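Structural description and commentary
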Amino acid sequence: MNDKNNDKKYKKWFTIRVLTNLLAAMGIAVSATWIFCLIFPWGLGFWLWWLGADFSIGALWLLLRLIPPSVPVNEANVFATSYKTNGIVRALMEEAFEMTAKYDKEVLALLADMMVEPETYRHRVTENLELGRWVTKRSVTMDLVIDEQQYVQVEEKPSILVPLIEPTKGWLFDRLAIHPTGDEPVVSLAYGGQSAALYIAVLIHQFHITYPDLPADFKDWPWDRYAALQDIVTTVSKSAAALRAMSKSFANNSRCRKSKPSEEDRQRLFDEVIKAHQEDLDLILVPRSVPVPAGARTAHGEAGVGDEELAVQEVERNKLRRIARLGIAHYLVIVQCKPAKYLKLAYSYEQSTGSFLQKPTRSETSTLARILQKLSGIPSGYLKVGLTRASHAKSYHMHASVPDGSYVRLAYVTDDANRAVMVNARPSIAVNIPYLRPVGKSVTSLHVYGRNLSSIREKGGRIIPIVRKLDRGVAELNSQPVSLGLRARICERPTGTELFATIVAWSVLLVTIILREAAEAEAHTDVAVAVLALPAAIAALAVFFVRAFERSLLVSIAGSALTMASTVLAVTVTFIFAFRAASTKPGMHADDWSHWVVYWQILLTLVVVVVIATTGMLVIRTKRYVSSRFKSDT
């Protein structure tokens, strides 16, 4: 199958390459003919047609070259053909059972508590976000405090386990590095190595607590309990690729769909697949009947009998459910370190800046701006950064910075629906309540601060607090967690693309007036110099602004569009002047070229419109930039 696909890809690539080479040869021949027509007077009547043919061939060549090459792929589905899923899951469970024997139950209990209630241990989390044009660096520092009673139980242990990162499935962190903050080493356990087995070991440990009658040896477990654990492990072991394949299948098989599903539709279906798997856990963890193999026994000695006689604490069941739900949507990176009452862990990683960019809503920008953005592919400047760690700590700080060529126009904290969220922004009491301060904003930096945000939930579009810790398990069943995010709009400073567009527009206006007067006065002007002078001047000006463009996080859509419009008008003006000069013959009467006056009037009007637009845009953007320097969203 792979060989057939690779043959098709190679044939497609070879065909496109042959066509582009032929078009390149034709373009060279047509260009030579066009130059020949310009040199000899008898060919001046045909040079325009050859120029149009040359441009057409060049446009077709460019269109073909923009088609991305198809890279042959040699994909090896080893596990799909050599092993069954159940066999892989059983092997993972056996490795996890070995982990339960390797690590004491106190260490696993502490790890389980840190997974379920990270805010109890993470007293302060500080994030530093350095936004770059292509890559964004995130640095995280966590201050952890272990309860005195738990610390007494683990202080004599050789090491403890701490969950460091919980990346969402499907996202890859580049250049992940753990930075030691003390003398003791901190060892990161790879997910493909011990972290996955340790996560399953925590599930097994919590299974023992939830169902205390289970034997210590898993081989003696009742079949229904072992089947329930195996179902959970199978569910949490599904990779992001498998989940996305399911969501893609749902999107393609939708009967009511008339068009190709968008990226937003795929992401929404991906979230729904994860939610469906999480809801399946409720069916797994309730009393049920399962097929029992011959000779196997259940918790009550016979098949089809539920677990109603078992006294299971609902709190422990909810804890098991929360641990299992965590593994469905996230991977888990666990670190091993020496026991200490106070721990400080620091790490950093990189993400693509494009993963934060968002499309503006209809209320945030005009239709024309959205069309220009779609055609040009220039980001709108709106971005959203997840604040997942804000609800996993008692105190949370995020410091974000943008490049010097950009500035922060607005910033606020939102939920999943991009609705602004405020949590006791001006409280009457400062302790033991959830609090989210309005975003602090300067020209190139942001500061988000909140505390006790783990005690808020979302129900029916409203944010509700959880007053008592005992209500948390019930609240999680009847509500959804609040997924906070920092939404901001980053704009280019007016000294970049917008200033360049204004200078180019005024230059084009000046040259248009000069060439118009020269054409009407029948001045003897060197056509070659007139054609080459303006593009050369604009190119030299662009080189001067290159550093200003590079310093910015992104470029202005309006500035880029108006620069392109000025450039097109400049080319048109020089073309009209050159064509009129080339077509003028000795002895022609003034009435013979009177129609050129209309062309010049139209061009001059268009240039004036662009000059007004660029100047007005520069004034407005400068005013916004100046006001943002002295105005804070707080």
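Anything mentioned here points back to the structure above.
Residues numbered from 1 in each chain as written. Predicted model: local features only at pLDDT ≥ 70, side-chain atom pairs only at ≥ 80, totals over all residues. Heavy atoms only, no water.

Broken down by element type, the protein carries 18 helices and 17 strands. By residue count, 40% of the 634 residues in the protein fall in the buried class. Within the protein, counting contacts between residues at least 6 apart in sequence, those at least 24 apart form 78% of the total. Per element, the accessible surface of the protein, about 35000 Å² overall, is 60% carbon and sulfur. (Helix = DSSP H or I, 4+ residues; strand = E, 2+ residues; numbered from the N terminus. Buried < 20%, exposed > 50% of the residue type's maximum accessible area, 1.4 Å probe, protein only. Contact = heavy atoms within 4.5 Å. Areas by Shrake-Rupley, 256 points an atom, 1.4 Å probe, with all protein chains shown as cover.)

Quick reminder: α-helices carry 3.6 residues per turn. Residues three or four places apart thus point the same way. Taking 1.5 Å of rise per residue, the 12 residues of helix H5 (residues 105–116) would be expected to cover 16 Å, and the 16 Å separating its terminal C-alpha atoms lies within 8% of that figure. Across the 12 residues that make up H5, a large majority, 9, are buried. Turning to H5, its buried residues number three or more, namely Val-107, Leu-108, Leu-110, Leu-111, Ala-112, Asp-113, Met-114, Met-115 and Val-116. (Expected span 1.5 Å × (residues − 1).)

What follows deals with the environment of Ser-627. Note on placement: Ser-627 falls in helix H18 (residues 595–630). Within polar-contact distance, the side chain of Ser-627 engages the backbone oxygen of Arg-624 at 2.8 Å. (Polar contact = N/O pair within 3.5 Å; in protein donor to acceptor, adjacent residues only side chain to side chain.)

Mapping Asp-415 onto the fold places it in the loop between strand E10 (406–414) and strand E11 (435–436). Under the relative-accessibility criterion, Asp-415 is labelled buried at 6%. Reaching out from Asp-415, the side chain makes a polar contact with the backbone nitrogen of Arg-419 at a distance of 2.9 Å.

Take the packing of helix H9 (residues 223–236) against helix H12 (residues 314–329) next. Relative to each other, H9 and H12 sit at 30°, their axes nearing to 8 Å. One way to sum up the angle between H9 and H12 is to call them roughly parallel. Here H9 contributes Ile-232, Thr-235 and Val-236 to the contact with H12, which in turn contributes Ala-324, Gly-327 and Ile-328. In terms of residue class, the contact of H9 with H12 is made up of 4 nonpolar, 2 polar and no charged. (Axes fitted to C-alpha atoms, helices over the stretch in contact; angles between N-to-C directions. Parallel < 35°, antiparallel > 145°, perpendicular 65-115°, else oblique. Nonpolar A, V, L, I, M, F, W, Y, C, P; charged D, E, K, R; others polar.)

What follows deals with the environment of Phe-207. Note that Phe-207 resides in helix H8 (residues 191–210). On a C-alpha basis, the gap between Phe-207 and Glu-316 in space is 8.8 Å, while along the polypeptide they are 109 residues apart. In contact with Phe-207, not counting residues within four places along its chain, are Leu-214, Trp-221, Arg-225, Ala-228, Leu-229, Ile-232 and Leu-320.

Here the focus is the sheet that holds strand E8 (residues 382–386). Spatially, the 3 strands line up as an open sheet ordered E8-E17-E10, and their pairing is antiparallel. Each edge of the sheet is formed by a strand with only one pairing partner; in this case those strands are E8 and E10. Put simply, the sheet's adjacent strands are angled 25° from each other on average, direction ignored. Inspection of the sheet shows E8 paired to strand E17 (residues 485–492) by 5 bridges, in the antiparallel sense. When the sheet's bridge partners are listed, Gly-386 is paired in E17 with Gly-485. (Pairing = 2+ DSSP bridges.)

Let us now look at the pattern of salt bridges. Applying the stated criterion to the full structure yields 9 salt bridges. Salt-bridge contacts for Glu-350 lead to Arg-175; the nearest nitrogen and oxygen are separated by 3.4 Å. Residue Glu-350 is found in strand E7 (residues 342–352), and its partner Arg-175 is found in strand E4 (residues 174–179); the two are separated by 175 residues along the sequence. On the accessibility criterion, Arg-175 (66% relative accessible area) is exposed. It is possible to trace a salt-bridge network through shared partners that takes in Asp-104, Glu-106 and Lys-157. (Salt bridge = Lys/Arg side-chain N within 4 Å of Asp/Glu carboxyl O.)

Summed over the entire model, instances satisfying the criterion amount to 8 aromatic pairs. Both rings, one in Phe-173 and one in Tyr-349, keep their centres 4.0 Å apart while their planes meet at 10°; by these two values the pair is stacked. Here Phe-173, found in the loop between strand E3 (160–165) and E4, pairs with Tyr-349, found in strand E7; they are 176 residues apart in sequence, far enough to count as distant. In terms of burial, Phe-173 and Tyr-349 fall into one category: buried. With centroids separated by 5.3 Å and ring planes inclined at 45°, the aromatic side chains of Phe-207 and Tyr-211 adopt a geometry described as tilted. Tyr-211 shares its class with Phe-207; the two are buried. Here a set of aromatic residues connected by ring pairs shows up, and it is made of Phe-97, Phe-207, Tyr-211 and Trp-221. Over the face of the ring belonging to Tyr-211 we find Arg-225, whose NZ or CZ atom lies 3.8 Å from the ring centre. (Phe/Tyr/Trp six-rings, centres within 6.5 Å; stacked < 30°, edge-to-face > 60°. Lys NZ or Arg CZ within 6 Å of the ring centre and 35° of its normal.)

In terms of burial, strand E13 (residues 445–451) is a largely internal element, 5 of the 7 residues being buried. Of the pairings in the sheet, the one linking strand E9 (residues 395–401) to E13 comprises 7 bridges and is antiparallel in character. Its bridge partner being in E13, Ser-395 is matched across the sheet by Arg-451. In this sheet, E13 lies alongside E11 in antiparallel orientation, the contact comprising 2 bridges. When the bridges of E13 are listed, Tyr-435 appears paired with Arg-451. Note that strand E12 (residues 440–441) and E13 share 2 bridges and pair antiparallel.

A few words now on the sheet that holds E3. Judged by pairing direction, the sheet is antiparallel, and its 3 strands sit side by side in the order E3-E6-E5 without closing on themselves. If you trace the sheet from one side to the other, it starts and ends with E3 and strand E5 (187–189), each paired once. For this sheet, the mean inter-axis angle between neighbouring strands, taken without regard to orientation, is 35°. Sheet topology note: the E5/strand E6 (residues 333–337) ladder contains 3 bridges and is antiparallel. Note on E6: the bridge partner recorded for Val-187 is Gln-336. In the packing of H5 onto the sheet, contacts are made with E3 and E6, and the angle to E3 comes to roughly 20°.

The next point concerns the pairing of E17. The buried fraction of E17 amounts to 8 of the 8 residues, a majority that puts the element mostly inside the structure. Taken together, the 8 bridges between E10 and E17 define a ladder with antiparallel strand orientation. Bridge assignment links Tyr-407 to a residue of E17, and that residue is Cys-491.

We now examine the nonpolar core. Considering soluble globular proteins, one finds that nonpolar side chains tend to be buried as a cluster. Counting residues in each nonpolar core, the largest one holds 52 residues, and the members touching the most others are Val-162, Leu-387 and Leu-486. Ignoring anything within four residues of it in the chain, the contact list for Leu-486 reads Leu-383, Lys-384, Val-385, Leu-387, Met-398, Ala-411, Tyr-412, Val-439, Leu-446 and Val-448. Grouped together as the second largest cluster of nonpolar side chains are 44 residues, Met-115, Val-116, Ala-197 and Phe-207 included. (Core = buried A, V, L, I, M, F, W, Y, C linked by side-chain atoms within 4.5 Å.)

So, about the side chain of Glu-127. Mapped onto the elements, Glu-127 comes out in strand E1 (residues 122–130). Note on Glu-127: relative accessible area 1%, which makes it buried. Leave out the neighbours within four places in its chain, and Glu-127 touches Arg-138, Ser-139, Val-140, Arg-389, Tyr-396, His-397, Met-398 and His-399.

Treat this as a map of the structure, not an account of what it does.
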